[in-house]
Amino acid sequence: LTADEASLVQSSWKAVSHNEVDILAAVFAAYPDIQAKFPQFAGKDLASIKDTGAFATHATRIVSFLSEVIALSGNESNASAVNSLVSKLGDDHKARGVSAAQFGEFRTALVAYLSNHVSWGDNVAAAWNKALDNTYAIVVPRL
Ligand code: HEM
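Not measured: the values here are computed from a predicted model.

S.K.: In this structure, what is going on with the site of the ligand? I would like to understand it.
M.R.: Near the ligand lie 17 residues; those nearest to it are F38, Q40, H93, R96 and Q102. Within the contact set of the ligand, a nitrogen atom lies 2.8 Å away from a side-chain nitrogen or oxygen of H93. One can see that the ligand is located within the largest pocket. When contributions to the shell around the ligand are tallied by element, the ones reaching two or more residues are α5 (53-72), α6 (79-95) and α7 (100-117). Here the shell around the ligand takes five residues from α5, the largest share from any one element. Classifying every residue of the shell around the ligand gives nine nonpolar, four polar and four charged.

S.K.: What's the story with the coordination of the iron atom of the ligand in this structure? I'm lost.
M.R.: Expected angles at a metal are 109.5 degrees for tetrahedral coordination by four donors and either 90 or 180 degrees for octahedral coordination by six donors. Here the protein supplies the iron atom of the ligand with just one donor, H93 (NE2), and that contact is 2.0 Å long. Within the fold, H93 resides in helix α6.

S.K.: Which parts of the structure should I look at to understand helix α1 (residues 3-16)?
M.R.: Since the α-helix turns once every 3.6 residues, residues separated by three or four places project in the same direction. Here α1 spans 20 Å end to end across 14 residues, near enough to the 20 Å set by a 1.5 Å rise per residue. Buried residues belonging to α1 abut α2 (20-30), α5, α7 and α8 (122-139).

S.K.: Sorry, what's going on with empty space enclosed by the protein here?
M.R.: Taking a probe equal in size to a water molecule and rolling it over the atoms shows the remaining empty space. Under the definition given, this model contains one cavity of 30 Å³ or more. Approximately 60 Å³ is the volume found for the largest cavity. At the level of secondary structure, the elements contributing two or more residues to the lining of the largest cavity comprise α2 and α5. Grouping the amino acids of the lining of the largest cavity by side-chain chemistry returns nine nonpolar, no polar and one charged.

S.K.: What's the story with the packing of α2 against α5 in this structure? I'm lost.
M.R.: Each packed pair of helices is defined by two parameters, the angle between the axes and the distance between the axes. It is at 8 Å that the axes of α2 and α5 come closest, and there the two elements cross at 95 degrees. By the angle between their directions, the pair α2 and α5 is classed as roughly perpendicular. In this structure, α2 contributes E20, V21, I23, L24, A25 and F28 to the contact, and α5 contributes F55, A56, H58, A59, T60, I62 and V63. Grouping the amino acids of the contact of α2 with α5 by side-chain chemistry returns 10 nonpolar, two polar and one charged.

S.K.: Honestly, the packing of α7 against α8 in this entry has me stumped. Any pointers?
M.R.: Two numbers describe how α7 lies on α8: the axes approach to 12 Å, and their chain directions differ by 160 degrees. Judged by the angle between their axes, α7 and α8 are roughly antiparallel. As for the relative orientation of α7 and α8, their crossing is right-handed in sense. Residue-level inspection shows F103, G104, F106, R107, L110, V111 and L114 of α7 in contact with α8, the latter providing W128, N129, L132, D133, Y136 and V139. Of the residues belonging to the contact of α7 with α8, the class tally is nine nonpolar, two polar and two charged.

Thresholds applied
In this convention, every chain numbers its residues from 1, walking through the sequence in written order. In keeping with the model being predicted, local features are shown solely for residues with a pLDDT of at least 70 and side-chain atom pairs are shown and tallied solely at 80 or more, while totals for entire chains, interfaces and linings include all residues. Only heavy atoms go into the side-chain values, all of them from the structure, while hydrogens and water stay out. Throughout, the term near means that a residue has one or more heavy atoms lying within 4 Å of the molecule or strand in question. Under this definition, polar contacts are N or O atom pairs within 3.5 Å; protein pairs additionally need one hydrogen-donor-capable and one acceptor-capable atom, and for neighbouring residues in sequence, both atoms have to be side-chain atoms. Using protein atoms alone on a 1 Å grid, points that fit a 1.4 Å probe yet trap it form a cavity, whereas open point sets bounded by protein on both sides within 12 Å along at least five of seven lines form a pocket; residues with an atom within 4 Å of a point count as lining. Criterion for pocket placement: a molecule counts as inside a cavity or pocket if more than half of its atoms are within 2 Å of its grid points. Under the DSSP-based scheme used, a helix requires at least four consecutive residues in state H or I and a strand at least two consecutive residues in state E, with every element numbered from the N terminus. In this classification, Asp, Glu, Lys and Arg are treated as charged, Ala, Val, Leu, Ile, Met, Phe, Trp, Tyr, Cys and Pro as nonpolar, and every other residue, Gly included, as polar. Because no water is among the atoms considered, metal sites can look incomplete, with donors defined as N, O and S atoms within 2.8 Å of the metal, or 3.2 Å for Na, K and Ca. Helix span, expected: 1.5 Å multiplied by one less than the number of residues in the helix. Whether two residues touch is decided by their heavy atoms; if any such pair falls within 4.5 Å, the residues are in contact. Grid points are joined across faces, edges and corners, and a volume is the space filled by probe spheres set on the points. Note on method: axes are straight lines fitted to C-alpha atoms, helices fitted across the in-contact stretch only, with angles between N-to-C directions ranging 0 to 180 degrees. Convention used here: angles under 35 degrees read as roughly parallel, angles over 145 as roughly antiparallel, angles from 65 to 115 as roughly perpendicular, and any remaining angle as oblique. Left-handed describes a crossing in which the near helix is turned anticlockwise from the far one by less than a right angle; the clockwise case is right-handed.

So far we have only geometry, and geometry alone does not tell us how the molecule works.
As C-alpha cells, then:
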C-alpha cells in the first residue's frame, strides 16, 4: 500500500477496532459455517455466547492480529514481517480445516461491517480492497 492508502486503512480501522465482540458477532451471524468450526461455539445460539469471556477472548485475538498487520502496512521494509504473520495465519487455519471460501466469507463480512460503521468513501473502499487483496494473495494459497 502507498503511505496514503495505509493511512486510510489505519484511520478507518481505528474507528471500529474497539468493537471486537460486535465484529466477530457480525461475522458469525452472516456465516454460521464459520462459527461451526469453533469447538467452543459450534451448535450454540449466537446470542448465548456473544457475552461470554471465551467469545471476547477470541474476538480480541482476531482484531489484534488485524491491528498488528494494519500497523505494519504502508512501509515496504515491513513486507517480510507481514508475509510471515499472514503465512502463519494461513498454515494454522489450514490445520483446523478452514477453507479459502470461508476466508472469502470473512472478508465479505468484514467489509460489510466496515462499510456500515466508518465513513466509506470510494478512496477508503479502494484502500481496503487493495489491502485485503494483498493479504489474501498470501493466505489463500496456504489454505
Ligand atoms: C484461531 C477458525 C478466520 C485469526 C482460530 C481457531 C479456530 C479458528 C477454530 C482456534 C480457536 C481456539 O482454539 O480457541 C477460523 C475460521 C475462520 C477464521 C473458521 C474463517 C474465516 C480468521 C481470520 C483471522 C483469524 C480471517 C485474522 C484476521 C485467528 C487468530 C487465532 C485464531 C489470531 C488465534 C491464534 C491461533 O490459534 O492461530 N480460528 N478462523 N481467523 N484465528 Fe481464526
